Amino acid sequence: MMAARWIRTGAVLLLGGATGFYHSIKLSLDQRTLAQELNDASVIISAMKTCMIDRRRSLSEVISFYPLLTSNNFFGQEVTEFSNKYWVMLNEIAVESVYPSKNARKEEVRWRRWTDEWLLHLVSPNVFRTPSEALAAYGLIVQEGQFGPVEGVLVKYVGAVTMFLLSKLLKVWYRLQDDVREDLYSAVNEWVTAIGHRRKFMGGDEPNLADLSVFGVLRAIEGLQAFDDIMEKTKVKKWYLAMEKATEEHHGQSEALTSVKSQSASVS
């Protein structure tokens, strides 16, 4: 559910104002292939952005900029990771035209990585924090999914119990506070502080991919208690509403949404 919403939001913001260009790559941009080859929301968004800016490069060439690396995790299991996943791969001339400074590009990468490595890990412990919150979350999952009456009830209750217990393990694993909401509030306020008072978005007057990353995480839990608490008890609401408006303004101009939907299921 989260990955699907994240990718759909990214498509709207990235391709919304570039309908003409999207038509020019629509035939060659096979979304199913993109999802199968990359299978990582952050890399997909980076690749899409790269294609948008550097129109001379083919999709296969852009994908080659994100090589797949293999390593072993803490448990000795083999895991894969994409190199350069947070970078929009551009030449120096294009970088200067897109980013106001070298620091702006590094800042974008830093906060995209922070979103994946910290903010995202705070979601499950908060969304499934209590039995009632876990049931509410799985109620949404069942509502958005295609389940029969009996199957829906099983998924809702079995899933809720499983994720409630898992959230307690994640709380210990990530060394979160007794009230995991406090870690979430702290992270969200850290993001707002990083933007500062002089900027509307991390990207300045327009959202960049770091804005998109954080917005995607928060958007995915909209409608749940954790989201309502964030809006009420942190300083993020003004930025979030601005991001929501930016998404809506691009929505009507973009055809990317429907095509990206078809491949987002395989990502989630």
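Residues numbered from 1 in each chain as written. Predicted model: local features only at pLDDT ≥ 70, side-chain atom pairs only at ≥ 80, totals over all residues. Heavy atoms only, no water.

Draft legend 1. How the structure looks around the packing of helix α7 (residues 102–119) against helix α12 (residues 209–220). At a minimum axis distance of 7 Å, the contact between α7 and α12 shows a crossing angle of 20°. By the angle between their directions, the pair α7 and α12 is classed as roughly parallel. Where α7 crosses over α12, the two elements pack in a sense that is left-handed. Touching E108, W111, R112, W114, T115 and L119 of α7 are L209, A210, S213, V214 and V217, all from α12. The class makeup of the residues in the contact of α7 with α12 is seven nonpolar, two polar and two charged. (Axes fitted to C-alpha atoms, helices over the stretch in contact; angles between N-to-C directions. Helix = DSSP H or I, 4+ residues; strand = E, 2+ residues; numbered from the N terminus. Parallel < 35°, antiparallel > 145°, perpendicular 65-115°, else oblique. Left-handed = near helix turned anticlockwise from the far one by under 90°. Contact = heavy atoms within 4.5 Å. Nonpolar A, V, L, I, M, F, W, Y, C, P; charged D, E, K, R; others polar.)

Draft legend 2. A look at the pairing of strand β1 (residues 68–72). Looking at chain direction, β1 and strand β2 (residues 78–82) are connected through five bridges and run antiparallel. Bridging from a neighbouring strand, S71 pairs with V79 of β2. (Pairing = 2+ DSSP bridges.)

Draft legend 3. Layout of the nonpolar core. Among the nonpolar cores identified, the biggest contains 39 residues, and L119, W191, I221, I230, V236 and W239 are the most heavily contacted of them. Contributions of two or more residues to this core are made by α7, α8 (123–127), α9 (131–144), α10 (149–173), α11 (180–195), α12, α13 (225–233) and α14 (237–251). In terms of residue count, α11 provides more of this core than any other element does, seven residues in total. The next biggest cluster of nonpolar side chains, apart from the first, holds eleven residues, and it includes I44, I45, M48 and L212. (Core = buried A, V, L, I, M, F, W, Y, C linked by side-chain atoms within 4.5 Å. Buried < 20%, exposed > 50% of the residue type's maximum accessible area, 1.4 Å probe, protein only.)

Draft legend 4. Just α11, in detail. A rise of 1.5 Å per residue sets the reference length of α11, with its 16 residues, at 22 Å; its end C-alpha atoms lie 24 Å apart and thus fit the reference within 8%. Burial in α11 covers these residues: V180, R181, D183, L184, Y185, A187, V188, W191, V192 and I195. Where α11 terminates, the next one or two residues include G196, which has phi positive at roughly 85°. (Expected span 1.5 Å × (residues − 1).)

Draft legend 5. Examining the pattern of salt bridges more closely. One pass over the full model with this rule turns up 13 salt bridges. Among the salt bridges present, the one from E107 reaches R199, with a minimum N-O distance of 2.9 Å. Here E107 is found in helix α7, whereas its partner R199 is found in the loop between α11 and α12, with 92 residues between them in sequence. (Salt bridge = Lys/Arg side-chain N within 4 Å of Asp/Glu carboxyl O.)

Draft legend 6. Structural context of the packing of aromatic side chains. Here the structure, examined in full by the defined rule, presents seven aromatic pairs. Residues F215 and W239 carry aromatic rings whose centres are separated by 6.4 Å and whose planes lie at 80° to one another, so their mutual orientation is edge-to-face. Here the residue F215 occupies a position in helix α12, and W239 occupies one in helix α14, the gap between them amounting to 24 residues. Each of the two residues, F215 as well as W239, counts as buried. When the centroid spacing of 4.9 Å and the interplanar angle of 40° are considered together, the rings of F215 and Y240 count as tilted. Linking F215 in helix α12 with Y240 in helix α14, this pair joins segments that are 25 residues apart in sequence. Assigned by exposure class, F215 and Y240 land together as buried. The rings of W111, W114, W191, F215, F227, W239 and Y240 are connected pair by pair, giving a single aromatic cluster. (Phe/Tyr/Trp six-rings, centres within 6.5 Å; stacked < 30°, edge-to-face > 60°.)

Draft legend 7. Layout of a nonpolar patch on the surface. There is a patch of nonpolar side chains on the surface, built from F74, F75 and W173 and spanning about 450 Å² of accessible area. Following the sequence through the fold, F75 ends up in the loop between β1 and β2. You can call F75 exposed: its relative accessible area is 58%. (Patch = residues over 30% accessible without salt bridge, like charges linked within 9 Å, V, L, I, M, F, W, Y side chains within 5 Å. Areas by Shrake-Rupley, 256 points an atom, 1.4 Å probe, with all protein chains shown as cover.)

Draft legend 8. Expanded view of unusual backbone geometry. In this model, N84 sits at a positive phi of 65°, which is unusual for a non-glycine residue. When you line up the elements, N84 lands in the loop between β2 and α6 (92–98). Residue N84 is classed as partly exposed on the basis of its relative accessible area, which comes to 30%. Here the phi dihedral of R175 falls at roughly 55°; this positive angle occurs in a residue that is not glycine. Within the secondary structure, R175 sits in the loop between α10 and α11. Classification of R175 by relative accessible area gives exposed; the value is 77%.

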